[in-house]
Amino acid sequence: MKYQLVLQWPASSIKDYDALIEIEDALIEKLSEESEVDGHDAGSGEMNIFIRTDKPKEAFNEVKSILGSRDFWVDARVAYREVSGSKYTILWPKSLTEFKVS
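Residues numbered from 1 in each chain as written. Predicted model: local features only at pLDDT ≥ 70, side-chain atom pairs only at ≥ 80, totals over all residues. Heavy atoms only, no water.

Q: For this particular structure, what's the right way to read the environment of Val37?
A: Position of Val37 relative to the elements: it lies in strand E2 (residues 35-43). Classification of Val37 as buried rests on a relative accessible area of 17%. Discounting chain neighbours no more than four positions away, the residues touching Val37 are Glu24, Leu27, Ile28, Leu31, Ile49, Phe50 and Ile51. (Helix = DSSP H or I, 4+ residues; strand = E, 2+ residues; numbered from the N terminus. Buried < 20%, exposed > 50% of the residue type's maximum accessible area, 1.4 Å probe, protein only. Contact = heavy atoms within 4.5 Å.)

Q: Is there a simple way to explain the nonpolar core in this structure?
A: A general feature of soluble globular proteins is that nonpolar side chains tend to end up buried together. Counting residues in each nonpolar core, the largest one holds 24 residues, and the members touching the most others are Leu5, Leu7, Trp9, Leu27, Ile49, Ile51 and Leu67. Tallying contributions element by element places helix H2 (residues 56-67) first for this core, with 5 residues. Residue contacts for Ile49: discarding those within four places in its chain leaves Leu5, Val6, Leu7, Trp9, Leu20, Ile23, Glu24, Leu27, Val37, Gly39 and His40. If you look at the next biggest cluster of nonpolar residues, it comprises 5 residues, including Val6, Phe50, Tyr88 and Phe99. (Core = buried A, V, L, I, M, F, W, Y, C linked by side-chain atoms within 4.5 Å.)

Q: Quick question: what am I supposed to make of unusual backbone geometry here?
A: Negative phi is the rule for most residues except glycine; trans is the rule for most peptide bonds. Each neighbour pair has its own omega, and for Trp92 with Pro93 the value is -15°, a cis peptide bond. Relative to the assigned elements, Pro93 resides in the segment after strand E5 (89-92). Phi is positive for Ser44, close to 55°, though the residue is something other than glycine. Note on placement: Ser44 falls in the loop between E2 and strand E3 (46-53). Classification of Ser44 as exposed rests on a relative accessible area of 66%.

Q: What exactly am I supposed to notice about helix H1 (residues 14-30) here?
A: Spacing of three or four residues puts side chains on the same side of an α-helix, whose turn is 3.6 residues. Helix length check: H1, at 17 residues, gives a terminal C-alpha distance of 24 Å against a target of 24 Å (1.5 Å per residue), a fit within 8%. Among all positions of H1, only Leu20, Ile23, Glu24, Ala26 and Leu27 are buried. Looking straight down H1, one finds its buried side chains confined to an arc of 160°; they lie on one side. Looking at H1, the residues exposed on the side facing more than 90 degrees away from the buried face are Ile14, Lys15, Ile28 and Glu29. (Expected span 1.5 Å × (residues − 1). Arc of directions from axis to C-beta.)

Q: Would you take a moment to explain the sheet that holds strand E1 (residues 3-10) for this structure?
A: What holds strands together in a sheet is hydrogen bonding between their backbones, with the strands either parallel or antiparallel. Spatially, 5 strands are ordered E2-E3-E1-E4-E5 in an open sheet, and the strand pairing comes out antiparallel. Of all the strands in the sheet, just E2 and E5 have a single pairing partner and so form its edges. Across the sheet, the mean angle from the axis of one strand to that of its neighbour is 25°, orientation sign disregarded. Bridge count for E1 against strand E4 (residues 77-82) is 6 bridges, and the pairing is antiparallel. In the strand pairing of E4, Gln4 is matched with Arg81. Along the sheet face, H1 touches E1, E2 and E3 and points at about 175° away from the line of E2. Each of E1, E2, E3, E4 and E5 touches H2; the most contacted strand, E1, lies at about 40° to it. (Pairing = 2+ DSSP bridges. Axes fitted to C-alpha atoms, helices over the stretch in contact; angles between N-to-C directions.)

Q: Sorry if this is basic, but what is going on with the pattern of salt bridges here?
A: Where charged atoms from two side chains of opposite charge approach closely, those side chains can pair. With the rule as written, the count across this model stands at 1 salt bridge. Note that Asp38 and Arg52 form a salt bridge whose closest N and O atoms lie 3.1 Å from each other. Of this pair, Asp38 sits in strand E2 while Arg52 is found in strand E3, placing the two residues 14 residues apart along the sequence. (Salt bridge = Lys/Arg side-chain N within 4 Å of Asp/Glu carboxyl O.)

See below:
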């Protein structure tokens with residue numbers, strides 16, 4: 001798969017980490033075969049879920065459909081890059097101007 005989609009949230013507690021695992025499990029269970037959850041990490045005040053896909057925009061729409069309108073979208077940041085690249089294209093929120101994975 002050509003792209004890595006990154007879902008990112010601020011994290012500061014075990015409760016945040018538990019939510020990350022819950023989200024990741026839901027995505028593993030429900031994402032279509034065109035996308036694959038490729039793990040997660042947490043640290044430096046943030047947590048990330050990584051998804052490999054050939055269609056990052058469609059995968060993000062699928063993620064939104066799976067996760068619904070839960071509170072965590074308020075603080076979420078979403079971007080993608082080519083697996084072999086380093087420049088991220090931001091998908092959410094539209095007002096975000098910089099995205100990085102610490």
